[in-house]
Amino acid sequence: MSMHDRWLLAAALLGLGCGIAGAQSPDLGRVATPDEIAPWDISIDPGGAGLPAGGGTARQGEAIFAAKCAACHGEKGAGKPNDQLVGGSGTLTGDKPPVKTVGSYWPYATTLFDYIRRAMPLNESKTLSNDEVYALAAYLLQLNGIIGESDRMDAQTLPKVRMPNRDGFVVFTRGR
């Protein structure tokens, strides 16, 4: 039997074993309790439902960005080594590759809050206070020319921000 035939036989047997094993539960883990789920149940919808108390301005966000974000996203969100957060206006159409940033691509400002709170800073997710997240969102919105430097972002003002690409997405409906 050639080596190739042995690999095919091993793969076939493994596939049969997976089918049998898949029929039974491995009995690993347990159902998470509501108290364990609550810290992760923090989604914010586009209209702002779920936004917490707190607030901040771009001026406040600038210092936080320099201390906690610039190492990955560059000075003033210019990018490198990670994603560019500022610029890209007008790049979503045409022949050149699009530059997808907060200002050019994201349809809702509330999504920015949700993402920063849930995932940033890298390797320290969920460590920012709500005030820091609002201030960072304000700073990025201001850098992208969407709000002013002293505009305060909070649960009432953030959902009212109209992002430049708000109408750039097509709603997908099954069956149509």
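What counts and what doesn't
Residues numbered from 1 in each chain as written. Predicted model: local features only at pLDDT ≥ 70, side-chain atom pairs only at ≥ 80, totals over all residues. Heavy atoms only, no water. Axes fitted to C-alpha atoms, helices over the stretch in contact; angles between N-to-C directions. Helix = DSSP H or I, 4+ residues; strand = E, 2+ residues; numbered from the N terminus. Parallel < 35°, antiparallel > 145°, perpendicular 65-115°, else oblique. Contact = heavy atoms within 4.5 Å. Nonpolar A, V, L, I, M, F, W, Y, C, P; charged D, E, K, R; others polar. Core = buried A, V, L, I, M, F, W, Y, C linked by side-chain atoms within 4.5 Å. Buried < 20%, exposed > 50% of the residue type's maximum accessible area, 1.4 Å probe, protein only. Polar contact = N/O pair within 3.5 Å; in protein donor to acceptor, adjacent residues only side chain to side chain.

As a further point, take the packing of helix α3 (residues 58-68) against helix α6 (residues 130-143). The geometry of a pair of packed helices is captured by two quantities: the angle between their axes and the separation between those axes. For the pair α3 and α6, interaxial distance at closest approach is 7 Å and the crossing angle is 100 degrees. In terms of their interaxial angle, α3 and α6 are classed as roughly perpendicular. Facing α3, whose interface residues are A58, Q60, G61, E62, I64, F65 and K68, α6 presents E132, A135, L136, A138, Y139, L140 and Q142. Here the residues of the contact of α3 with α6 are counted per class, giving 8 nonpolar, 3 polar and 3 charged.

Right, let's get into the nonpolar core. Within the largest apolar cluster, 30 residues are counted, with the highest numbers of intra-cluster contacts made by L112, I116, L141, M153 and L158. Going through the elements one at a time, α3, α5 (109-119) and α6 are the ones with two or more residues in this core. No other element matches the 9 residues that α6 contributes to this core. In contact with L158, not counting residues within four places along its chain, are L51, A109, T110, F113, Y134, L141 and M153.

Turning to the environment of Y134, a few remarks are in order. As for its position among the elements, Y134 is in helix α6. The spatial distance from the C-alpha of Y134 to the C-alpha of L158 is 8.4 Å, given a sequence separation of 24 residues. Polar side-chain contacts of Y134 include one of 3.4 Å to the backbone nitrogen of A155.

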